[in-house]
Amino acid sequence: MGAASAVARRAFADGRTRTLSFAALIAFLGYASPAGYRQAYPTVADRAAFARSFGTNKAVELFYGTPHDLLSVGGFTGWRVGGTVAIFAAVWGLLAAVRFARTEEDAGRQELVLGAGTGRRAVYFASVAATLAGLAVLAAALVLVSAAARLPLGASVFLAAASLSPALVFVGAGCCVSQLAAGRRVALELGTVLVLAAYLLRVVGDVAGGARFALWLTPLGWAEQMRPFAQPRPWLLVLPLATGAVLIAVAAEASARRDVGRGLVEGRDESPPRLALLGSPTALAARSGLGTFGAWLGGTSLLALVIGLLSTAFTPENIPAQLRRDLRKLGSASLTSPGGALGFYFLFFVLGVSLFGCAQIAAARRDEADGQLELLLALPVGRMRWLGARLVLITCSTAALALAAGLFAWVGAASRGAGVALPRLLEAGANCIPAGLLFVAAGALAFAAVPRAAPAVAYAFVLASFVWELVADLLGVPSSLVGLSPFAHVGLVPGAPFRAGAAAAMLGLAAAAAGAAIAVFARRDLQGA
Amino acid sequence: MDAIETRSLTKRYGRTLALDGLDLRVTRGEVYGYLGPNGAGKTTTIRLLLGLHRPTGGSAALFGVDAWREPVAAHRHVAYVAGEPTLWPGLTSAETFAYLARLHGSTDSAYRDELIQRFRVEPDKKVRALSKGNRQKVQLVAAFASRADLLILDEPTSGLDPLMEMAFRRTVAEAKERGQTIFLSSHELSEVEAVCDRVGILRRGRLVDEGTLAELRHLDTQTWEIDFAGEPPDLSRVRGVSDVERNGSTLHLEVTGDPSDLIAALAGADVVALHTRELSLEEIFLHHYEGSDAGGRS
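Residues numbered from 1 in each chain as written. Chains lettered and ligands numbered in written order. Predicted model: local features only at pLDDT ≥ 70, side-chain atom pairs only at ≥ 80, totals over all residues.

Visitor: For this particular structure, what's the right way to read unusual backbone geometry?
Guide: The phi angle of most residues is negative, glycine excepted, and most peptide bonds adopt the trans form. With an omega of 10°, the peptide bond running from A:Val493 to A:Pro494 counts as cis. Relative to the helices and strands, A:Pro494 is located in the loop between helix H20 (479-482) and helix H21 (500-521). Non-glycine residue A:Arg227 carries a positive phi angle of around 50°. In this structure, B:Arg204 is a non-glycine residue whose phi angle is positive, near 45°. Its place among the elements puts B:Arg204 in the loop between strand E9 (198-203) and strand E10 (206-212). Under the C-beta neighbour-count criterion, B:Arg204 is labelled buried, with 21 such atoms within 10 Å. (Helix = DSSP H or I, 4+ residues; strand = E, 2+ residues; numbered from the N terminus. Buried ≥ 20, exposed ≤ 12 C-beta atoms within 10 Å, placed from the backbone.)

Visitor: Can you walk me through the interface of chain B and chain A in this structure?
Guide: Interface size is often expressed as the accessible area that is lost when the parts come together. Taken together, the 27 residues of chain B in the interface contact 25 residues of chain A. At seven residues, the largest contribution of residues to the side of chain B that touches chain A is made by helix H3 (residues 93-104) of chain B. Here the side of chain B that touches chain A is composed, by residue class, of twelve nonpolar, seven polar and eight charged. (Contact = placed C-beta atoms within 7 Å. Nonpolar A, V, L, I, M, F, W, Y, C, P; charged D, E, K, R; others polar.)

Visitor: Sorry if this is basic, but what is going on with the sheet that holds strand E8 (residues 181-186) of chain B here?
Guide: One key point about sheets: their strands pair by backbone hydrogen bonds, in either a parallel or an antiparallel sense. Residues and elements named next belong to chain B. Across the sheet, which stays open at both edges, the six strands sit in the order E6-E7-E8-E3-E9-E10 with mixed pairing between neighbours. Each end of this open sheet is capped by a strand with a single partner; those strands are strand E6 (78-81) and E10. When the angles between neighbouring strand axes are averaged without regard to direction, this sheet yields 15°. The pairing of strand E7 (residues 150-154) with E8 spans five bridges and is classified as parallel. (Pairing = 2+ DSSP bridges. Axes fitted to C-alpha atoms, helices over the stretch in contact; angles between N-to-C directions.)

Visitor: What am I meant to see in the confidence of the model for chain B here?
Guide: Regions with low pLDDT should not have their predicted coordinates read in detail. All names here are of chain B. Scored by pLDDT, chain B has a mean of 89; 96% of the residues are at 70 or more. Contacts of residues 293-298 to residues separated by more than four positions or lying in other chains number 24 contacts, the stretch itself having pLDDT below 50. Predicted complex, confidence summary: ipTM 0.84, pTM 0.85. (pLDDT = per-residue confidence, 0-100.)

Visitor: I would appreciate a short explanation of helix H1 (residues 42-49) of chain B in the present structure.
Guide: In an α-helix there are 3.6 residues to a turn, and that puts residues three or four apart on one side. All names here are of chain B. Within H1, eight of the eight residues are buried, leaving the element largely enclosed by the surrounding structure. Among all positions of H1, only Lys42, Thr43, Thr44, Thr45, Ile46, Arg47, Leu48 and Leu49 are buried. One or two steps after H1, the chain reaches Gly51, where phi turns positive at roughly 70°.

Shown next as structure tokens:
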């Protein structure tokens, strides 16, 4: 028992940065949303107007799910916080599970633990227990801030249980994909596809008439159907609990049966040589990242298509005057035209493109941590050229992703006769690039200055900026503070004009940060894992 | 111009002094053994030689080119074998050879094919499916096939079986014949003894001894093993004698300088047999470390 509890403590400590970051994010969202709602819509009349417009809008449901009560602070929180936290919970569960079920094994540490006489099942369940303890930390954070925002305690506990319930399923799913794949990267990619599929099923269930059943096929839909603060349905918790338990048990069996360090489904270990894209470190980075890029491209294009199809969802009559004034605060000229709606949604592509950039910075850091960079720099390969060329590659792939979003949004919008021209939507795509590159350059600077923390710093900067953009206006903070987030400076093209000055400033900052990153990197020691 | 020259090369990591004013010269065509226990600073030296870490003080040059300031020019004539053979897990061995050859700019493909046979490398196997020893072989084949003027090898035979170790020694001999310089960091004493012209011994970031094996033996120190018919006499106070060890009626000791006092002390004793030999590298090595804390950082 001593050994198992040592493993559990170790696993809990391993995940503490991730858990605390997510807890901070969830806490901020959980506090700012009810507080902001109370401030922005103080009277019942305001709330009724908000409910009439936003509450029935398919396009808004795409992001947050279907609201069940928008007249109370609790109902709004259950919808807005619940919908977002459910997605965070899914991502957190996947990351936590792959960490203990695969990364430890890839690094060879699992063999040490098993070799020390601890059974496989004991190690596995100790790690699961540590992950559940981490989940309890997230839940405690949400309950505490909800109580601080003057929401009833019992209902807040149910909100936390409901919105974090997808984490249970995705811990199980993460454990299962970790058994299938022969490495951390493939496991994470498979898991990401599952999270995306769960999200898309929820979107289809929410927005496509006649497809409500899709909500019952996804843990995110279950969380939504639990309806915290509206008409709570606690018995639905059985679904994620049972699914999570079954998946965790299945993965435990699979883990006990397979060879340590291998997956149940193995790629081929032998292949005839393929010599394309081996001419330079950048070419090899492109070659190794092709699968990941393809997945991002596919997911982005699909989402853009759906958004294009939904661009006609807002009509002038369902947006009241008060709300229009509020929306102006958001900087959105008009949501009632397809162009305005698309401009608003493209903010989410800025987020997606920026997260892709972070993933690329994390990949560059992995090259260093795993020792490949040491081999490269021992060859006649210059540091500045290596990092410079890598940043050019990231810039190109980021731009390609952004333009694909524009193209597919146009395909969707055109098929609905939205009347937004292709060049305007390509411009909307291109408009994601300056902010995305600013985040990439900030990540590169972190890579140069604090290499071990770089991926965490890069992701945290993007997510914190985005959450700030979502809630800062609700909180009514001064515009100078709202402007701290790069997202605040993105013109909502195609609904609003392209903000050339802001874009140029962001590109200038990005270039300066990238230059600084290269200069700092040229002077530092390489650092292993 | 020397293949490697360091001047007062110093590296600190925070408060740890990993390398302390190293002055090292490796001439062209030489096989230099770089010895030291774990944490003595061997890998730190290599990282500074390759410009991967920045010196806190002093400088390192490869063929006269500064390793930190001009790494690209310095590495044109260098091949490196890392102690941890990570490589690129998604590439096959053949793809790894092609990639490294393109980055290096030169490779002798006929010799590479010969080495692939010699080290029994499976070219179509992906690196992720290889054991540590097999990945080490891939690195060795790529490095020797590059025909680089200087090979920097960091514990290259860890993980190799005895047959492959023999193949390694043969390959080193061929490189030496061709005039290539080899810097071999190791704690495999038998390997260093077998292939190296000169040896440097590192202790806590300092070079404590350096020279050919004969020089390291200090010529005047020998090991004596003496069998007695009865009780062995006490020889520990005899001039020049040290490290006396008794095993039944046999004494094991080291004699430095003129052994005539020892011979005189043995005159009255009933000696059955007497063997003398020069110190092994292992004994020299232990001399430098016994009783000392060799800790530090590699």
